[in-house]
There are 4 protein chains.
Amino acid sequence: MPKMKAAIFVEPGRIVLDEKPIPDVGPLDALVRITTTTICGTDVHILKGEYPVAHGLTIGHEPVGVIEKLGSAVQGYREGQRVIAGAICTSGHSHAALCSCHAQDGPGTRHGWKGMGGWKFGNTIDGTQAEYVLVPDAMANLAPVPEGLTDEQVLMCPDIMSTGFSGAESGAICIGDTVAVFAQGPIGLCATAGARLMGATTIIAVDSVPARMEMARRMGADHVVDFTQANPVTEIMRLTDGRGVDVAIEALGRQQTFEGALRVLRPGGTLSSLGVYSSDLKIPLDAFLAGLGDHTIRTTLCPGGKERMRRLMDVIASGRVDTRPLVTHRFKLDQIEEAYDQFANQRDGVLKVAITP
Amino acid sequence: MPKMKAAIFVEPGRIVLDEKPIPDVGPLDALVRITTTTICGTDVHILKGEYPVAHGLTIGHEPVGVIEKLGSAVQGYREGQRVIAGAICTSGHSHAALCSCHAQDGPGTRHGWKGMGGWKFGNTIDGTQAEYVLVPDAMANLAPVPEGLTDEQVLMCPDIMSTGFSGAESGAICIGDTVAVFAQGPIGLCATAGARLMGATTIIAVDSVPARMEMARRMGADHVVDFTQANPVTEIMRLTDGRGVDVAIEALGRQQTFEGALRVLRPGGTLSSLGVYSSDLKIPLDAFLAGLGDHTIRTTLCPGGKERMRRLMDVIASGRVDTRPLVTHRFKLDQIEEAYDQFANQRDGVLKVAITP
Amino acid sequence: MPKMKAAIFVEPGRIVLDEKPIPDVGPLDALVRITTTTICGTDVHILKGEYPVAHGLTIGHEPVGVIEKLGSAVQGYREGQRVIAGAICTSGHSHAALCSCHAQDGPGTRHGWKGMGGWKFGNTIDGTQAEYVLVPDAMANLAPVPEGLTDEQVLMCPDIMSTGFSGAESGAICIGDTVAVFAQGPIGLCATAGARLMGATTIIAVDSVPARMEMARRMGADHVVDFTQANPVTEIMRLTDGRGVDVAIEALGRQQTFEGALRVLRPGGTLSSLGVYSSDLKIPLDAFLAGLGDHTIRTTLCPGGKERMRRLMDVIASGRVDTRPLVTHRFKLDQIEEAYDQFANQRDGVLKVAITP
Amino acid sequence: MPKMKAAIFVEPGRIVLDEKPIPDVGPLDALVRITTTTICGTDVHILKGEYPVAHGLTIGHEPVGVIEKLGSAVQGYREGQRVIAGAICTSGHSHAALCSCHAQDGPGTRHGWKGMGGWKFGNTIDGTQAEYVLVPDAMANLAPVPEGLTDEQVLMCPDIMSTGFSGAESGAICIGDTVAVFAQGPIGLCATAGARLMGATTIIAVDSVPARMEMARRMGADHVVDFTQANPVTEIMRLTDGRGVDVAIEALGRQQTFEGALRVLRPGGTLSSLGVYSSDLKIPLDAFLAGLGDHTIRTTLCPGGKERMRRLMDVIASGRVDTRPLVTHRFKLDQIEEAYDQFANQRDGVLKVAITP
């Protein structure tokens, strides 16, 4: 039985490179040989034991690769094709999928909805930090990479860009909107780019790391607020003449950013939340206008499926957005433990790493 | 200067009937002689000092009456016409109004949005528990009562029915949805009726007062859960085969109902909140799926304006919904202090009272 | 090779009952033994040669039956289960499906959208007027019938009710809307029921056949206009005080009904078109307000997929709508040629027929 | 009674500069001294007698100016303030306005909707090609010009940019959409810019005038098709690999462009129509997929109101779009007859003219 290398979760604090069998290909699957993948903040939560996964699981959910083998029932693809798949794999046929809520894809019962059920790679099935990954429901998930695009150009599509853009989309940003984006990590930066792409005319980004603040401008922010220098709520209210913003995007997963986003929202505005929280949240009565502010709070996991991937790659191919600057460091798969160490500790201004088997 | 009787807020704990001058009519106003009005739970918050208003203000925001006098610039109406106006008065011309967010109507500046700015009657201007009320921006707010409808038939339109229905509308209920409505006071009962009207096929109402539970069935609930007999979250999950509801409507304004509504929500579902909260809210991490559940939480004040009123009165005229059973008690304006006492203390199964000057 | 009886298209004018092999079951398919099916107006178009299909094809697209055999990759069902499937079969994984446009489901390429590609039964694959039908992509399409519902109760779900309701849904009917429905055949009747279910408060149905006009009232119409007695445009404008309707639903597929629907539309209104047209349409300049009326014209094929079917059967199970009165005649599969004759010629007040193998 | 110069419609073929009294200011009005205005294609329709207006009416609906005098009931502005107003003046209080359909603003009755009722300037009341214009319902319509923007920078906001952008907005363009824009006059060019602003990733513009084709690229088109060199339908299908476009925008008002837009639409796509048509339209059966293509056809007049104007000026102020290149020629009001001659005959590559009193 042929073997491959894979980054495996052993126990909290330990993700190690080890060998595993190359998986068998079921009728609806595709085996993809990974050419580039990356590490996500969520993987760090797994590493730290803050998000539980099975021992022995291969981690990672952001694949760029080449089709090695197609399942017997898979049509419309050919082996050797360059593809990506979303971090979220939809079955296409669950009740959630048939309601366009692919991220909450559940089993095929009368009532199939499952919280985060679409997040399979590196969560409920083996992930992408490996030489090969098995993509389930390949026909719904595999998206061919347009000619001329490099691996690093599309590496953000499976998760970072899809999630970040969804922050703008779930906020239903309109032409002329004023938008605040709290936190400018990779997802926040993509939310900033997404807000720009949808026609927001005043985009205010909040962070404190100089390199991220600079990148925020590059991705489309009109103003960048350093929260160590000024209270971001005060500053955003000042920048908006006391009106507040139409849409506030939360991209970190903390009470402070969630609450800041709520406090800068105009009556009738939308708080679009992308962060992964790790404790209960508080909604302050005054910020919430006692529940009478016509506010919307919306959370979004990450849109997936091949059509989503096609669209995101078209954004890249059109030159509208370039996410290459987010890839600040590169590692071989053999160096993945070192990559985790650098990424988890945010050393050397790291934004995203590229991992190549 | 002619005088009229009015229910006036004196200080926390005291709303008294007193005399006031009949107001002058500005060019955009209409003076309406009240024929029937009512008391709202919000008025009780005012009475108890939980919601601050100016001393000397006339309370009440639910008018049914007759046009006594029209402002010099008001066109399209005639004196003697029977009308209602929404609890929320839109200016029609603020930035919020021009974004269809009439309840958050603000002043006419570049950035005019004001939290709850559309709630004027009995909040920022004199209200309707009086012999006369001055309706601002009359052309945007006065809605003629269709022939054949009695005062009591349309008495719920200005607030209770508009707010209650908005719970269903803000939940974007679709044909075939499963909906839970937490609390069956007058607004919750109208939310139940609204859910039915929009095509929900399974409606689960939660309360514990037998008369309200029975009324819930009459307004369209398929199941009624008595929260003193069973944990409503457990019971709703059981009734939905573990799937949860598409839309949960909160109609009380408490942590318990808010949290219950969140806990029964399927991934991807919407929590439509109508309650007026009086303390901070907590979002439990697990109920919120750590922010990854594609949830929407939406609050709605109360849609206003004459078109909204026209539509609600058409609902009544068509016989689709009958809110008359909600009026359980009747008082003269002279008895308003007694009416407050009964309503505030929920004596004798009171749901809503009709007050006639 | 076991055989089954099937209604087969031979040539324009001839659909005959003949024998065919029972089909093999592929990995994603399910073989369903038909217990009840019906004939659709579209089948009559096929019979008359107005809509071309392959010679030898089994006709029919409205299945109620029992799972006989499941494909090797199908999970979540069991043989012997009572099921329906929509007239439209989604793959779940095409680009169209992933955009929620299941009716235009196309092949699995980068750009897969195909006009009417989701309509497979009796169009591009063998249909349901037979003893057995092969359901493709079973996991996306098979919907278990809730206990207690008879075949005839759910017989309209696969097409008539799904299409008719979509007329109301594509019109985005709101609480308080005024709606006109042109033509009260089975689909128009379901559009009337759908408008009622979504909260329209004035529903005006147009037809001339007494039995259909009476059924229109039963399905929820407030007014019924006999177009042989009065010009329906004039009559609808009169009934709406000259304002016109918010939503006009076309349910026949003729210039006259399309144009009538456009002419009664208020500025800003929506024409929701369900009919299958057989010639070019004309948009009169005046009815279209020279293109300046903020009008929407929307066509809808028929929403499909198991989640749609689940919701429609829930409507039936909840008692909100009862489509049994639409089934006016019953035939054995052996009598299908006679059934076609009666249905195509609208003899004896036929609305829909039930066919049982 | 003080006089002013104004461009007056005398009879078909004759718009002349003449004198008129400066109008009186009603309580809700504002008198604006025009500093810059322009001529619209619609004005040419009026000139040619193709669109009827009253003899003696002042033409023009695109004002940039200074508040000269405010009505007695107007609050929130000051005399001397630089302002624009939309070509469409909303009352803010009609039923249409309260449904957000300001362009179809009608009188204040129970059922007030009026086709094109919001288009008042140069249609039902005196227009802007004059030294002064009276703006009705000033509080809903006057939008202060942000500091630092010149007249020519905001001159397209009242109509061209609002209408053009609405082509993209009514198409509900999403990130990653493919869009075709038929005709690249001023409105088509703004539709192209709007499509870009909303995140379309492939924009295909159609025209034949070299200057317009070049300008199309400048406004954001990725491909420009010269319809004299290639069949635009064939070419667009080729550019989209046979799939067609998600959204097709019609910006001319002819059968040819309307039909082309329909023919390039993918199933499920939206045709957003901006043109003013002057004859009946034909919908070819095949292009319409017999009414089974899940198509949407939507017409849009022109969004108005001060909030719309504020947003458009913010687009300009943010630098996202620059419409100055559309102003190709400049005239004094005294030269307006010459300006009409040049504009109506499209001499010298004219796109839009600036007229300064």
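Within each chain, residue numbers correspond to sequence positions counted from 1 in written order. Chain letters and ligand numbers both follow the written order, the letters beginning at A and the numbers at 1. Per-residue local features of the predicted model are confined to residues with pLDDT of at least 70, and side-chain atom pairs are confined, for both listing and counting, to 80 or more; whole-chain, interface and lining totals are unaffected and use all residues. Calculated side-chain values reflect all of the structure's heavy atoms, with hydrogen atoms and water omitted.

Chain A has the name NAD(P)-dependent alcohol dehydrogenase in an unreviewed UniProt entry, where Microvirga mediterraneensis is given as its organism. UniProt positions are given in the numbering used here, feature names are shortened, and annotations may be inferred rather than shown by experiment. Looking at the Sequence similarities (unreviewed entry) heading of the UniProt record, one finds this comment for chain A: "Belongs to the zinc-containing alcohol dehydrogenase family." Taken directly from UniProt, the Cofactor (unreviewed entry) text for chain A runs: "Zn(2+)".

### As for the overall build of chain A
Looking only at helices and strands, chain A features 11 helices and 16 strands. Relative to a compact globule of 357 residues, whose C-alpha radius of gyration would be 21 Å, chain A shows 20 Å and is just as compact. Seen through its C-alpha atoms, chain A measures out along the principal axes to roughly 65 × 50 × 40 Å. Accessible area is worked out with a 1.4 Å probe on protein chains only. A residue is then buried under 20% of its type maximum, exposed over 50%, and partly exposed in between. Counting only residues that meet the buried cut, chain A has 68% of its 357 residues in that class. Should any heavy atoms of two residues lie within 4.5 Å, those residues are counted as being in contact. Here the contacts in chain A between residues at least 6 apart in sequence split such that 67% fall between residues at least 24 apart. Methods summary: accessible areas were calculated by the Shrake-Rupley approach with a probe of 1.4 Å, and residue burial reflects only the protein chains presented. Carbon and sulfur atoms form 49% of the exposed surface of chain A, whose accessible area is close to 11,500 Å². Each helix is a run of DSSP H or I of at least 4 residues and each strand a run of E of at least 2, with the numbering of both proceeding from the N terminus. Restricting the calculation to C-alpha atoms gives the radius of gyration, and the globule rule supplies 2.2 Å times the number of residues raised to the power 0.38.

### Focus on the sheet that holds strand β7 (residues 142-144) of chain B
All names here are of chain B. Paired strands are those between which DSSP finds at least two bridges. Across the sheet, five strands lie side by side as β6-β3-β4-β5-β7; this open sheet has antiparallel pairing. Only two strands of the sheet have a single partner each, and these edge strands are β6 (132-135) and β7. In this sheet, adjacent strand axes meet at a mean angle of 45 degrees when their direction is disregarded. Here strand β4 (residues 64-70) pairs with strand β5 (residues 82-85) via three bridges, running antiparallel. As a rule, the C-alpha atoms of each element are fitted with a line to give its axis, helices using only the stretch in contact, and angles between N-to-C directions run from 0 to 180 degrees.

### Details of the environment of N123(A)
All names here are of chain A. Summarising the element assignment, N123 is placed in the loop between α2 (95-98) and β6 (132-135). A C-alpha to C-alpha distance of 31 Å links N123 and M198, two positions 75 residues apart in sequence. If sequence neighbours within four positions are ignored, N123 has contacts with Y51, V53, L57 and M116.

### Some details on the domain arrangement of chain A
Residue and element names in this part refer to chain A. For chain A, the assigned domains are domain 1 (3-155 + 323-356) and domain 2 (161-299). Delimitation of the domains relies on an automatic or database domain assignment. The C-alpha centroid of domain 2 is placed 28 Å from the C-alpha centroid of domain 1. Each partner contributes residues to the interface: domain 1 has seven residues there, and domain 2 has seven residues. Accessible area that two parts lose when put together, evaluated with a 1.4 Å probe and summed over both, is termed the buried area. The junction of domain 1 with domain 2 conceals about 830 Å² of combined surface from both sides, 77% of it contributed by carbon and sulfur atoms. Salt bridge, as applied in this entry: a Lys or Arg side-chain nitrogen positioned within 4 Å of an Asp or Glu carboxyl oxygen. Between the two partners, domain 1 and domain 2, sit zero salt bridges. Classes in brief: Ala, Val, Leu, Ile, Met, Phe, Trp, Tyr, Cys and Pro nonpolar; Asp, Glu, Lys and Arg charged; the others, Gly included, polar. In terms of residue class, the side of domain 1 that touches domain 2 is made up of four nonpolar, two polar and one charged.

### Thoughts on helix α7 (residues 210-219) of chain A
Residues and elements named next belong to chain A. Every buried residue of α7 is accounted for by R212, M213, M215, A216 and M219. Buried positions in α7, seen along its axis, are confined to an arc of 160 degrees and lie on one side of it. The exposed set on the far side of α7, more than 90 degrees from its buried face, consists of P210, E214 and R218. Looking at the packing, one finds that the buried side of α7 touches α6 (186-197), β9 (202-207) and β10 (223-226). Backbone geometry just after α7 places G220 at a positive phi near 130 degrees. Of all possible arcs, the one meant is that of the directions from the helix axis to the C-beta atoms.

### Focus on the relation of the copies chain A and chain B
Least-squares superposition aligns the copies on the C-alpha atoms of those residues with pLDDT at or above 70 in both. When chain A is fitted to chain B, the best match, at an RMSD of 0.0 Å, comes from turning it 180 degrees and sliding it 0.0 Å along the axis. Given the turn and translation reported, the copies of this chain are related as if by a two-fold rotation axis. Residue by residue, 100% of the interface of chain A is reproduced at the interface of chain B, so both copies engage with the same surface.

### Structural notes on the interface of chain D and chain A
The partner chain A presents 26 residues to the 26 residues of chain D that form the contact. Both faces considered, chain D and chain A share a buried interface measuring about 1,800 Å² in area, 46% of it formed by carbon and sulfur atoms. When the area that chain D buries against chain A is broken down by residue, the three leading residues are I175(D), R311(D) and R320(D), summing to 41%. Across the salt bridge formed by R311(A) and D246(D), the nearest N and O atoms sit 3.5 Å from each other. We call two N or O atoms a polar contact when they sit within 3.5 Å, provided that within protein one can donate a hydrogen and the other can accept it, with sequence-adjacent residues counted only if both atoms are side-chain atoms. Linking chain D with chain A are 10 residue pairs in polar contact (both at pLDDT 80 or more). Looking at the side of chain D that touches chain A, the elements that each hand over two or more residues are α5 (157-170), α6 (186-197), β9 (202-207) and α10 (306-317) of chain D. The leading source of residues in the side of chain D that touches chain A is α10(D), at five residues. Taken together, the residues of the side of chain D that touches chain A sort by class into eight nonpolar, seven polar and 11 charged.

### Some words on the pairing of strand β14 (residues 296-299) of chain A
Alignment of strand β12 (residues 265-273) of chain A against β14(A), held across four bridges, turns out to be parallel. The residue of β14(A) that forms the bridge with S273(A) is T299(A). Of the strand pairs in this sheet, β14(A) and strand β14 (residues 296-299) of chain B are connected by three bridges, and their pairing is antiparallel. Within β14(B), the residue paired with T296(A) across the bridge is R298(B).

### As for the interface of chain A and chain B
The interface is formed by 40 residues belonging to chain A together with 40 residues belonging to chain B. Surface buried jointly by chain A and chain B totals about 3,700 Å² across both partners, of which 59% is contributed by carbon and sulfur atoms. Here chain A is connected to chain B by two salt bridges. The interface formed by chain A and chain B contains 19 residue pairs in polar contact (both at pLDDT 80 or more). Put simply, the parts of the chain that give the side of chain A that touches chain B at least two residues each are β12, β13 (281-283) and β14 of chain A.

### Focus: the packing of aromatic side chains
Centres within 6.5 Å are what make two rings of Phe, Tyr or Trp a pair, Trp counting through its six-membered ring; a difference in plane orientation under 30 degrees is then read as stacked, over 60 as edge-to-face, and the rest as tilted. The tally for this structure, following the rule as stated, stands at 12 aromatic pairs over all chains. On the numbers, 6.1 Å between centres and 90 degrees between planes, the contact of F258(B) with Y277(B) is edge-to-face. One end of the pair, F258(B), is in helix α9 (residues 255-263); the other, Y277(B), is in the loop between β12 (265-273) and β13 (281-283), and 19 residues separate them in sequence. Given a relative accessible area of 0%, F258(B) falls into the buried group. Taking the relative accessible area as the measure of exposure, Y277(B) reaches 3% and is therefore buried. Among the aromatic residues, ring-to-ring pairing joins F258(A), Y277(A) and F288(B) into one connected group. Over the ring of W113(A) we find R266(B); its NZ or CZ atom is 3.7 Å from the centre of that ring. For a ring to carry a charge above it, either NZ of a lysine or CZ of an arginine must fall within 6 Å of the ring centroid while also lying within 35 degrees of the normal to the ring plane.

### Here's the deal with unusual backbone geometry
It is generally the case that most residues other than glycine have a negative phi and that most peptide bonds are trans. Non-glycine residue M116(A) carries a positive phi angle of around 60 degrees. Along the polypeptide, M116(A) turns up in the loop between α2 and β6. A positive phi angle is found at Q346(D), which is not glycine, with a value near 45 degrees. Considering the arrangement of structural elements, one finds Q346(D) in the loop between α11 (336-344) and β16 (352-356). Residue Q346(D) is classed as partly exposed on the basis of its relative accessible area of 49%.

### With respect to the side chain of H95(D)
Along the polypeptide, H95(D) turns up in helix α2 (residues 95-98). Since its relative accessible area comes to 3%, H95(D) is described here as buried. In this structure the side chain of H95(D) is engaged in a polar contact, spanning 2.6 Å, whose partner is the side chain of E307(B).

### Quick look at the pairing of strand β2 (residues 14-21) of chain C
Within a regular beta strand, the side chains point alternately toward one face of the sheet and then the other, so they alternate between its two faces. Residue and element names in this part refer to chain C. By the bridge criterion, eight bridges tie strand β1 (residues 3-11) to β2 in an arrangement that is antiparallel. Pairing of F9 across the sheet is with I15, part of β2. Where β1 folds back on β2, the antiparallel hairpin that results is connected by two residues, among which G13 adopts a positive phi of roughly 95 degrees.

### Topic: the sheet that holds β12(A)
Reading across the sheet, the 12 strands line up as β10(A)-β9(A)-β8(A)-β11(A)-β12(A)-β14(A)-β14(B)-β12(B)-β11(B)-β8(B)-β9(B)-β10(B) and stay open at both edges, with mixed pairing between neighbours. Only two strands of the sheet have a single neighbouring strand rather than two, namely β10 of chain A together with β10 (223-226) of chain B. With strand direction ignored, the average angle separating the axes of adjacent strands in the sheet is 15 degrees. Across four bridges, the pairing between β9(A) and β10(A) is parallel. Bridge pairing links D207(A) to D226(A) in β10(A). Where α7(A) meets the sheet, it contacts β9 and β10 of chain A, and its direction lies at approximately 165 degrees from that of β10(A).

### Some details on helix α5 (residues 157-170) of chain B
Counting buried residues in α5(B) gives 13 out of 14 residues, a clear majority hidden from the surface. A positive phi of about 50 degrees marks A172(B), the residue just after α5(B).

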